[in-house]
Amino acid sequence: MIIMPIISLDSPEVHYLQERDWRLAHLINHIGSMEYAKPESAFHCLAHSIIEQMLSMKAATTIEQRIIAVCNDDLCPSSILRTSKDELRNCGVSKRKAHYLHALAEYASNEDLEVLSELTDEDVRLTLMRIPGIGKWTCDMFLLFYLDRSDVLPIEDGAFRQAFRWLYGASVDNEDVRRVVCSLWKPYSSIAARYLYRALNSGITKSGSANKLFVV
């Protein structure tokens, strides 16, 4: 069953962000309350992130759908381990990613990934980064999109950086920019990130300058 949480405009967290960051407040008001889908399982979320590394969302989705088909519509550790690395490569992943998917499946066959929800953000990172192919970016995606942690700032993600530059006219890679802007979001950076992702994925960022949002 797909879980669809909702970020409501009436929530204290959204009011907090709107009061502290006027640019983000305009974007939030433009988008409104926001429903989003949560991945079906911890394994699926991590496998998706491995597939998506260094790829566009469209390309990653196509490859993932091929892998799911090869796995008889059941993307789980056992189905990945039954699928040879060559079969995975035929779906479009690199040799290295095929190895990473098998390493993840082997780990998940012996350890319950769902218990990660009981750990702190830092301990989740330390645990996951022992698995080949999982680094800071994948951990950020897992903490944000699966564990739904409240204060994740995914500065290594290209989509997030693109949307941030559109809204603020500056790079989030700049430490001073993060100090001035992103510090305003704590401890709800994840909600800010979700609104930036939604702006990008819904095509708002393609409609022209973000300044249009600020015209009353």
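Coordinates for the structure precede this section.
Owing to the predicted nature of the structure, the values given are computational and were not obtained by experimental measurement. (Residues numbered from 1 in each chain as written. Predicted model: local features only at pLDDT ≥ 70, side-chain atom pairs only at ≥ 80, totals over all residues. Heavy atoms only, no water.)

## Structural notes on the overall build of the chain
Helix and strand counts for the chain come out as 12 helices and 2 strands. Reading the chain from its N terminus to its C terminus gives the helix and strand order β-α-α-β-α-α-α-α-α-α-α-α-α-α. Radius of gyration (C-alpha) of the chain: 18 Å, near the 17 Å computed for a compact globule of 216 residues. For the C-alpha atoms alone, the extent of the chain along its principal axes is close to 55 × 35 × 35 Å. Within the chain, the proportion of its 216 residues that are buried is 46%. Within the chain, residue pairs in contact and separated by at least 24 positions form 66% of the contacts whose partners lie at least 6 positions apart. Of the roughly 11,300 Å² of accessible surface on the chain, a fraction of 51% belongs to carbon and sulfur atoms. (Helix = DSSP H or I, 4+ residues; strand = E, 2+ residues; numbered from the N terminus. Rg over C-alpha atoms; globule rule 2.2 N^0.38 Å. Buried < 20%, exposed > 50% of the residue type's maximum accessible area, 1.4 Å probe, protein only. Contact = heavy atoms within 4.5 Å. Areas by Shrake-Rupley, 256 points an atom, 1.4 Å probe, with all protein chains shown as cover.)

## Examining the packing of helix α8 (residues 121–128) against helix α9 (residues 136–145)
Two quantities define a packed helix pair, namely the angle between the helix axes and the distance between the axes. Two numbers describe how α8 lies on α9: the axes approach to 10 Å, and their chain directions differ by 130°. With respect to α9, the axis of α8 lies oblique. Where α8 crosses over α9, the handedness of that crossing is right-handed. Note on element contacts: α9 touches α8 through Lys136, Cys139, Asp140, Phe142 and Leu143, opposite Asp121, Val124, Arg125 and Leu128. Considered class by class, the residues forming the contact of α8 with α9 number 5 nonpolar, no polar and 4 charged. (Axes fitted to C-alpha atoms, helices over the stretch in contact; angles between N-to-C directions. Parallel < 35°, antiparallel > 145°, perpendicular 65-115°, else oblique. Left-handed = near helix turned anticlockwise from the far one by under 90°. Nonpolar A, V, L, I, M, F, W, Y, C, P; charged D, E, K, R; others polar.)

## Considerations on the environment of histidine 44
Note that histidine 44 resides in helix α3 (residues 42–52). Along the sequence, histidine 44 and leucine 153 sit 109 residues apart, while their C-alpha atoms lie 22 Å from each other. Those residues within four positions of histidine 44 in sequence are excluded, and the remaining contacts are Glu64, Ile68 and Leu75.

## A few points about the nonpolar core
Note that soluble globular proteins tend to have their nonpolar side chains buried in a common cluster. Within the largest apolar cluster, 70 residues are counted, with the highest numbers of intra-cluster contacts made by Leu27, Ile67, Phe142, Phe164 and Trp185. Ranked by residues supplied to this core, first place goes to helix α12 (residues 189–201) with 8 residues. (Core = buried A, V, L, I, M, F, W, Y, C linked by side-chain atoms within 4.5 Å.)

## Describing a negative patch on the surface
Negative charge collects at one region of the surface, where Glu111, Asp112, Glu114 and Glu118 lie side by side. Take aspartate 112: it is sitting in the loop between α7 (95–110) and α8. (Patch = residues over 30% accessible without salt bridge, like charges linked within 9 Å, V, L, I, M, F, W, Y side chains within 5 Å. Salt bridge = Lys/Arg side-chain N within 4 Å of Asp/Glu carboxyl O. Lys, Arg positive; Asp, Glu negative; His and termini not counted. Charge placed at Lys NZ, Arg CZ, Asp CG, Glu CD.)

## Section: the side chain of serine 11
Examined against the element boundaries, serine 11 turns out to sit in the loop between β1 (6–7) and α1 (12–20). In terms of polar contacts, serine 11 uses its side chain to reach the backbone carbonyl oxygen of serine 8, at 2.9 Å. (Polar contact = N/O pair within 3.5 Å; in protein donor to acceptor, adjacent residues only side chain to side chain.)

## What to know about the pattern of salt bridges
One pass over the structure, following the stated rule, counts 7 salt bridges. Between arginine 194 and aspartate 148 there is a salt bridge whose closest N-O contact spans 3.5 Å. Placement of the pair is arginine 194 in helix α12 and aspartate 148 in the loop between α9 and α10 (158–168), with a sequence separation of 46 residues. Residues joined by salt bridges that share partners form a network here, namely Arg125, Lys136 and Asp140.

## Section: the environment of aspartate 112
The partly exposed category is assigned to aspartate 112, whose relative accessible area is 46%. Placed 69 residues apart in sequence, aspartate 112 and phenylalanine 43 show a C-alpha to C-alpha distance of 9.4 Å. At 3.0 Å, the side chain of aspartate 112 and the backbone nitrogen of glutamate 114 are in polar contact.

## Some thoughts on the packing of helix α2 (residues 22–31) against α10
Relative to each other, α2 and α10 sit at 110°, their axes nearing to 10 Å. In terms of orientation, α2 and α10 fall into the roughly perpendicular class. Contacts between α2 and α10 pair Arg23, Leu24 and Leu27 from the former with Trp166, Leu167 and Tyr168 from the latter.

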